Amino acid sequence: MHLDPFELHRPSSVEETVSLAGRLAPAFDYIAGGTDLLPNYKMRLNVRPNLIALEDVSELRGISLDRVGAMVRLGELETDPAFGSAYRGVVEAAAEVATPLVRASGTVGGNLLVETRCFFFNQSFPWRKSLGFCLKADGDKCHVVPQKEKCYATFSGDLAPTLAVLDAEVEVAGPDGRRRVPVASLYDASGDGIQRHHLRPSELIVAVHFPPEARTLRGSYRKLRIRPSFDFPELGVAVAARQSADGGVERLALSVGGLETYPRRFDDLTRRLVGERPTIAKVRELADAVRQLVRPVHNTALAPDYRRKMAGVYVRRSVAEILGVAEETR
Amino acid sequence: MAAPDAPAPTYRLIGTRIPYIEGPLKVTGRAEYTDDIKRSGQLIARLLRSPWPHARLRSINVEKARAMPGVAAVLTGEKYPTPFGVLPITHDETAIAVGKVRYIGDILAAVAASDEATADRALEAIEVDIEPLPDYPEPQGGTIAVAEPIHARGLNGTNIQKEVVQHFGDVDAAFAKAHATVRVRGTFAGVTHAFTEPMATIAEATPDGRLTVWSATQVPHYLHRALSEVLGIPMHRIRVIKPEVGGGFGGKSDPLPHEIICAALSLETGRPVKILFDREDVFVTNHGRHPTKNDVRIAVDADGRILAYDIEALIDGGAWSSFGTVTTYYNGVLSMGPYRVPNFRYHGRRVYTTKPPSGAMRAHGGTNIRYSVELALDDLAERLGIDPFDLRERNALPPHSTTVNQFRITSTSFVKCLHAARERSGWDQKYRKLPYGKGVGLGCGFYISGSNSPIHFTPKMPQCTVHLKADMDGGIAVHCMQADIGQGSNTLLAAIVAEVVGVDLDRVHIMRVDSDVSPVDIGSYSSRVTFMMGNAARQAAESLRDQLIRAASRLTGYPPAQLEVAHEKIRVRHRPDIAVDYLAALHAAMERTGALLATGAYNSPPMGGDFKGARAGTAPAYSFAAYVAQVDVDVETGVYRVEKVWAAFDCGRVLNRLAVEGQIEGSIHMGLGQMMGEAMSYRGARLMNPSLLDYKIPMPQQMPEVECLLVGDDDPEGPFGGKEAGEGPLIATLPAVGNALHDAVGVRYHDLPVTPDKVLRGIEVREQSGRAWKGVG
Amino acid sequence: MGEGMGESTPVRLRVNGVTTALVCPPERILLDLLREDLNLTGTKRGCDLGTCGCCTVWVDGKPVLSCLTLARLVSGRDITTIEGVTPASGLSDLQRAFVDHGATQCGFCTPGFVMTATALLRDHPHPTKPEIERAIAGNLCRCTGYIKIVEAVAATAEGRP
């Protein structure tokens, strides 16, 4: 398979990158690890004439407990002992992305902005052409939920839910300067698989920043998929929590990915447990509520009703485990 | 046959762990596969595939494509319209579509250009005008007369490609007097080979009027024939070369359209042409295991003795016949052994659909029906209160017997397999005794060790011939058209020659398959190579050995009958101190003739009944298997893990222990794939997952521990007593897991693959019915 | 700074310790360059989409997918292929173990596995079985069921034949 020709740009600073991006927008893509972009380009999915390589931008590197650069490889993050002991959930998610070979190149920023996925989108040009294309690339209709307004492609990143529950923020640079955006509100909650996020076309994620409180939380990530490697999440459940000495819940956050067009937090539901001594009944209530709210569609390997049911099971297991609530044995 | 208490002979190499002789080339990247070959000035070819499942072609305009810079040739179907196919009786394919396309992916046109990008651009410039026709994605609708049959050859205006009706004994009478009966209906998604090396072919027509074709094929000889038939060139002017092949599993056994197209484009341009498939090409070319629905009824007496089978199979063939006629027979006749079935009725239909064609895949025709039969037998065993092992042992076919449909059974160590699996797995302590969610299950099987029916030519010609040449350097060159596709047949061939002639393995050189010099072997399918090539090789090697012994006789003065081969020498049997070195004997033997030549051949003996279809499934020997699988199910999510498989297998004498273990482990992996997650996933006629990301081959973490229990006795006709081990080891995997799931959660799953969502659904349905997980039901 | 659309420009690549000056366009993929321009055909093309691992090479010692690597972005880095990890004569211990334990059947995935597993043993000389399985879980094998591959890696780590 070959790539169509493009122009390759290699800026060496963030400022240079975003000014270039401002000039080229929207006719460019950033390339970080390339493990998501290049397969899509080989299948001629939304190919653009310019690639801006982030390889040489040194500010995008570096791991500390306060900050992880956007160009940090998932494999680096996964094996950083200090980071791993502080942010277990993030590292569990990083270690479950695709395969070791993908993680050697794939980056933190790339996983945050990984393209949404769908059986009708992630296909070759001739395959898609034979169906008249789809909303998300070259066409005007959706084949999953037949209509012409909205794309249902599934959010398939593993890291975002785990960062969202820590209240981590992304540092975003653009031609007009820098800003911080909480990971939890980075994504477009109107549920559009094309728009995906609230970054402007020329903006770039520089780094992920962790608030001091994040280090006081325990986190975990549970991923549903058919195979223990390669597969994108069919469901990804991230939780983070802190409890007082007597077990009372001081803080609890939950984010679910792999089900809808964006990773979704359930603050209204988790808030109900804060200040309480958790019981399995309350955890179960939370899990049931999540299950009733989520709306997966039939565009991945496992059936949507099953993924929805599993959202309940996984949320219950993850929250019970993180809060140390014993489950009844069946 | 050796007397029962005579000690089995032992050998220097045969039966040991023999590493693959080409292993050092493979682990260093030096083994040469088709795409590693580059011919000077070669063009790259790409194929335009149909986006329609079924359409009549009104016109194809290739003028724009042909005029593009860098495009050397554009080919459409009418230039080579001669139909071909792997079976001589069902030639229903053309190299490129003529008049109609029959599935999404059918080939409309081909382009040869300076590079891939140019070729792809040219494909997009081809204009195709069509009239859409009704598509038939499912077989059921094709069993009645349809408006527009996919092929004119469908029976009576239907899409039925092959219908088989067989009845032996009196099934209705047997059911009428049965103590218990069971009915199982199974649904099986199609699966595909998914070898790691995509198909690749290079063709080079040269000014001397010859055509050389390098191709990733399992069956060079059938490719040779198809090229000749379709291109209209006599076989002796075509040379087929098989480089290393990166896996086949049946998927590279049909002569495939792209191989013929590649050659045609070279004839057209006078330049070498290469085709390399991308993964989507590989998936839509398919020829994998058929999507199947079967309906199995079994009747037994009060002791669990099988009285009758009554079986139906509806087989989704896809667009072409391929091996389908064989598939249709196999789904019936391979349902019986390893058991004695006195009454048998079968109605099988293979129906053309507008899907990518199905064909032969490892354990072809014996896998899906076996799953349903083994689950049915377990159900009967449970209802009769008989242990599943006991039930099967009671029904075991005895050695040297004949089945109701006239199969000749010679060696079988099936009962020994049952005993080994039962004992080693701790069955009696586990079955029905493990906690909810954990279980063990038994699955059995048998498979042909080569087909008695060679597909393509008169049975009077050998199915395999081996030539040896020993020259003054002391090396022995071995020529044979058998196709090593990773299963280790080159190594076995070398080991047999070295064993018989008494030399070190490194003296034996297996020459690359090249139709100009390799004597015909009909290729790697039907698990025939060990048995047939092994016998031919042994005969050739014995002939060479005898020439050396005669020379040694002249040198020593002892008569040949008193001489024997030992390691790198020939010695006097009762005076081992008197010996002639191998090289000395060889050089003496060469004095008058120069290099020594020897030949050996194999053909299977006459067998089978004289009714229609009687030869289908007849084989010179059969392998047998009894597997126990142990599973652990998360009953709340349906996610399960196969923890261990005890694989008792009868391949006769083990010839290369390392290779046999490798075949069993690899077969279990492939069987688990079909059981747990692999599926050609269709919406209508459209394949939704043509990629290695979305087609779920199991990962290392999903592999169980495997204990190989190789308990076979020597087969009377197999080389050194050996039988097949390449395909049969897959079959028992699936029902062992299926029956273990039942032991674990009380549900029999009949819809493959059994993904976690189905496991959970089954548990929910059982719970809703108020049925306990353990107990009869 | 920008390398023009489809424009071939010089690039210096250090492959197996040898620096080569080549001319290639921005869209040139490392796998294509290795196989077609440098004739290093030990690195295999199994899927071209990062889903099989047959094309595994090292960049600065780290196993990566050469089918998803732009050649220009690894100029100046150390690239190692299967040809580069093979001793001048004979086999590495791991390669020997792959042969002796039956870890190669059709052999098409094997160079990729050797690249992945060689790096694993260099960085983690004594991996557990689950660590080996995890490390090789980006390389597909359709023949062996992975069992003998895991065995070969473990045997090499333990220094046993």
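This one's a predicted model, so the numbers in the text were calculated from it and none came from an experiment.

Rules behind the numbers
- Residues numbered from 1 in each chain as written.
- Chains lettered and ligands numbered in written order.
- Predicted model: local features only at pLDDT ≥ 70, side-chain atom pairs only at ≥ 80, totals over all residues.
- Heavy atoms only, no water.
- Helix = DSSP H or I, 4+ residues; strand = E, 2+ residues; numbered from the N terminus.
- Rg over C-alpha atoms; globule rule 2.2 N^0.38 Å.
- Buried < 20%, exposed > 50% of the residue type's maximum accessible area, 1.4 Å probe, protein only.
- Areas by Shrake-Rupley, 256 points an atom, 1.4 Å probe, with all protein chains shown as cover.
- Contact = heavy atoms within 4.5 Å.
- Lys, Arg positive; Asp, Glu negative; His and termini not counted.
- Charge placed at Lys NZ, Arg CZ, Asp CG, Glu CD.
- Phe/Tyr/Trp six-rings, centres within 6.5 Å; stacked < 30°, edge-to-face > 60°.
- Domains from an automatic or database assignment.
- Buried area = accessible area lost by both parts, 1.4 Å probe.
- Salt bridge = Lys/Arg side-chain N within 4 Å of Asp/Glu carboxyl O.
- Polar contact = N/O pair within 3.5 Å; in protein donor to acceptor, adjacent residues only side chain to side chain.
- Nonpolar A, V, L, I, M, F, W, Y, C, P; charged D, E, K, R; others polar.
- Core = buried A, V, L, I, M, F, W, Y, C linked by side-chain atoms within 4.5 Å.
- Pairing = 2+ DSSP bridges.
- Axes fitted to C-alpha atoms, helices over the stretch in contact; angles between N-to-C directions.

A.B. asks: Just checking my understanding: could you explain the overall build of chain B for this structure?
C.D. replies: The number of helices and strands found in chain B is 19 helices and 32 strands. Since a compact globule built from 777 residues should have a radius of gyration of about 28 Å, the 27 Å found for chain B is in line with a globular shape. Along the first, second and third principal axes, the C-alpha atoms of chain B reach 85 × 75 × 50 Å. Going through the 777 residues of chain B one by one, you find that 68% of them count as buried. Element-wise, carbon and sulfur atoms account for 52% of the exposed surface of chain B, whose accessible area totals about 24,500 Å².

A.B. asks: I tried to follow the overall build of chain A on my own but got confused; where do I start?
C.D. replies: Scanning chain A from terminus to terminus reveals 12 helices and 11 strands. C-alpha extents for chain A along the principal axes are approximately 60 × 45 × 35 Å. A total of 330 residues make up chain A; the buried ones form 64% of that total. Considering only intrachain contacts with a sequence separation of at least 6, the fraction spanning at least 24 residues in chain A is 63%. Each charge class in chain A was averaged separately, 45 positive and 42 negative side chains, and the resulting centres sit 5 Å apart.

A.B. asks: Whenever I open this one, the packing of aromatic side chains confuses me. Can you help?
C.D. replies: What describes a pair of aromatic rings is the distance from one ring centre to the other and the angle between the planes of the rings. Residue and element names in this part refer to chain A. A complete count under the given rule lists 28 aromatic pairs over all chains for this structure. The interplanar angle of 70° and the centroid separation of 6.5 Å between the aromatic rings of Phe-6 and Tyr-41 together place this pair among those described as edge-to-face. With Phe-6 in the segment before β1 (7–9) and Tyr-41 in helix α2 (residues 37–42), this residue pair connects regions lying 35 residues apart in the sequence. Tyr-41 carries the same exposure label as Phe-6, and that label is buried.

A.B. asks: Would you take a moment to explain the domain arrangement of chain B for this structure?
C.D. replies: For interface size, the figure often reported is the accessible area lost on association. Residues and elements named next belong to chain B. Once the domains are mapped, chain B shows domain 1 (23–31 + 462–602), domain 2 (37–133 + 196–247 + 252–285) and domain 3 (292–453 + 610–768). At the interface, 18 residues of domain 1 touch 20 residues of domain 2. Summed over both sides, the interface of domain 1 with domain 2 buries roughly 1,500 Å², with 54% coming from carbon and sulfur. When residues of domain 1 are sorted by the area they lose upon contact with domain 2, Ile-485, Arg-512 and Ser-515 head the list and together hold 32% of the total. At the junction of domain 1 with domain 2, the criterion picks out four salt bridges.

A.B. asks: What should I look at first to understand the interface of chain B and chain C in this one?
C.D. replies: Contacts between the two partners involve 51 residues from chain B and, on the opposite side, 43 residues from chain C. Summed over both partners, the interface of chain B with chain C buries about 3,600 Å², with 60% contributed by carbon and sulfur atoms. When the buried surface of chain B facing chain C is broken down by residue, Val-27, Thr-196 and Pro-700 of chain B rank first, second and third, together holding 19% of it. Summed over the shared surface of chain B and chain C, the number is six salt bridges. Between Arg-35 of chain C and Asp-36 of chain B there is a salt bridge, with the nearest N and O atoms lying 2.8 Å from each other. Summed over the shared surface of chain B and chain C, the number is 18 residue pairs in polar contact (both at pLDDT 80 or more). Listing elements by their share of the side of chain B that touches chain C, those giving two or more residues are α1 (23–27) and α16 (657–676) of chain B. Of the residues forming the side of chain B that touches chain C, the biggest block, eight residues, is contributed by α16 of chain B. Tallied by class, residues from the side of chain B that touches chain C come to 26 nonpolar, 14 polar and 11 charged.

A.B. asks: Help me understand the interface of chain A and chain C in this model?
C.D. replies: Between chain A and chain C, the residue contacts involve 36 residues of the former and 37 residues of the latter. Summed over both partners, the interface of chain A with chain C comes to about 2,800 Å²; 63% of that surface belongs to carbon and sulfur atoms. Contact with chain C buries area across many residues of chain A, yet Leu-8, Leu-101 and Phe-230 of chain A alone supply 24% of it, more than any other trio. Across the chain A-chain C interface, the total number found is three salt bridges. A salt bridge links Glu-78 of chain A to Arg-134 of chain C; the shortest N-O distance between them is 2.8 Å. Here chain A and chain C share eight residue pairs in polar contact (both at pLDDT 80 or more) between them. The element contributing the most residues to the side of chain A that touches chain C is helix α6 (residues 100–105) of chain A, with six residues. The residue makeup of the side of chain A that touches chain C, split by class, is 20 nonpolar, seven polar and nine charged.

A.B. asks: Even after reading the chapter, I still don't get the nonpolar core, so can you show me in this structure?
C.D. replies: Taken as a class, soluble globular proteins show a tendency for nonpolar side chains to be buried jointly. Core analysis: the biggest nonpolar cluster contains 213 residues, and Ile-298, Tyr-309, Tyr-627 and Met-675 of chain B together with Phe-98 of chain C have the highest contact counts within it. In terms of residue count, strand β27 (residues 622–633) of chain B provides more of this core than any other element does, nine residues in total. Residue contacts for Ile-298 of chain B: discarding those within four places in its chain leaves Phe-175, Ala-180, Thr-181, Val-182, Ile-306, Ala-308, Tyr-309, Val-373, Ala-376, Leu-377 and Leu-380 of chain B. In this structure, Leu-8, Leu-38, Leu-163 and Tyr-187 of chain A belong to the second largest nonpolar core, which totals 60 residues.

A.B. asks: Would you explain the sheet that holds strand β19 (residues 464–470) of chain B in this entry?
C.D. replies: Strand pairing in a sheet is mediated by backbone hydrogen bonds. Such pairs are either parallel or antiparallel. Residue and element names in this part refer to chain B. An order of β21-β20-β19-β26 is seen for the four strands of this open sheet, with the pairing classed as mixed. Both edges of this open sheet fall to β21 (508–510) and β26 (596–602), since each of them pairs with a single strand only. Strand-to-strand, the axes of this sheet are offset by a mean angle of 20°, without reference to chain direction. The pairing of strand β20 (residues 476–479) with β21 spans three bridges and is classified as parallel. Across the sheet, Ile-476 pairs through a bridge with Val-508, a residue of β21. Across the face of the sheet, helix α13 (residues 489–501) comes into contact with β19, β20 and β21 while running at roughly 150° to β21.

A.B. asks: What am I meant to see in the pairing of strand β11 (residues 238–242) of chain B here?
C.D. replies: Regular strands have side chains that alternate between both faces of the sheet. Residues and elements named next belong to chain B. Burial of β11 is extensive: four of the five residues sit out of reach of the surface. One ladder, built from four bridges, connects strand β10 (residues 211–215) with β11; its direction is parallel. Paired with Trp-214 across the two strands is Ile-241, which belongs to β11. Here β11 runs beside strand β22 (residues 513–514); their pairing, made up of two bridges, is antiparallel. Looking at β22, one finds that Lys-242 is bridged to Val-513.

A.B. asks: Can you help me understand the side chain of Thr-35 of chain A in this one?
C.D. replies: Positionally, Thr-35 of chain A belongs in the loop between β2 (28–31) and α2. Other than its neighbours up to four places away in sequence, Thr-35 of chain A contacts Val-102, Ser-105 and Gly-106 of chain A together with Leu-68 of chain C.

A.B. asks: Would you explain the sheet that holds β2 of chain A in this entry?
C.D. replies: All names here are of chain A. Ordered in space as β1-β3-β2, the three strands form an open sheet in which the pairing is parallel. Each of the sheet's edge strands pairs with one partner strand only, and the pair in question is β1 and β2. Ignoring strand direction, the axes of neighbouring strands in this sheet form an average angle of 25°. Two elements, β1 and strand β3 (residues 50–53), share three bridges in a ladder whose sense is parallel. Paired with Glu-7 across the bridge in β3 is Asn-50.

A.B. asks: What is the right way to read the environment of Ala-420 of chain B from this model?
C.D. replies: Residues and elements named next belong to chain B. Within the secondary structure, Ala-420 is located in helix α11 (residues 414–425). Since its relative accessible area comes to 15%, Ala-420 is described here as buried. A C-alpha to C-alpha distance of 6.4 Å links Ala-420 and Ala-648, two positions 228 residues apart in sequence.

A.B. asks: Honestly, the pattern of salt bridges in this entry has me stumped. Any pointers?
C.D. replies: Any two side chains of opposite charge can pair, given that their charged atoms come close. For the structure on display, the rule yields 118 salt bridges over all chains. Residue Lys-282 of chain A pairs with Glu-276 of chain A through a salt bridge whose shortest N-O separation is 2.6 Å. Take Lys-282 of chain A: its relative accessible area is 26%, and that puts it in the partly exposed class. The class for Glu-276 of chain A is partly exposed, based on a relative accessible area of 30%. In this structure, the salt-bridge partner of Asp-379 of chain B is Arg-383 of chain B, at a minimum N-O distance of 3.8 Å. Separated by four residues within a single helix, Asp-379 of chain B and Arg-383 of chain B lie in helix α9 (residues 368–384), roughly one turn from each other. With relative accessibility at 12%, the residue Asp-379 of chain B sits in the buried group. Three or more residues joined by partner-sharing salt bridges are found here, namely Lys-42 of chain A together with Arg-28, Asp-32, Glu-36, Asp-37, Arg-45 and Asp-48 of chain C.

A.B. asks: Is there a simple way to think about unusual backbone geometry in this case?
C.D. replies: Working note: non-glycine residues mostly have negative phi, and peptide bonds are mostly trans. Backbone torsion omega between Ala-25 of chain A and Pro-26 of chain A reads 0°, so that peptide bond is classified as cis. Tracing the backbone shows Pro-26 of chain A in the loop between α1 (14–24) and β2. With an omega of 0°, the peptide bond running from Leu-752 of chain B to Pro-753 of chain B counts as cis. Counting through the fold element by element, Pro-753 of chain B comes out in the loop between β32 (751–752) and α19 (756–768). Despite not being glycine, Ala-194 of chain B has its phi angle at roughly 50°, a positive value. With respect to the secondary-structure elements, Ala-194 of chain B resides in the loop between β8 (180–188) and β9 (200–205). On the basis of relative accessibility, which here comes to 6%, the residue Ala-194 of chain B falls in the buried class.

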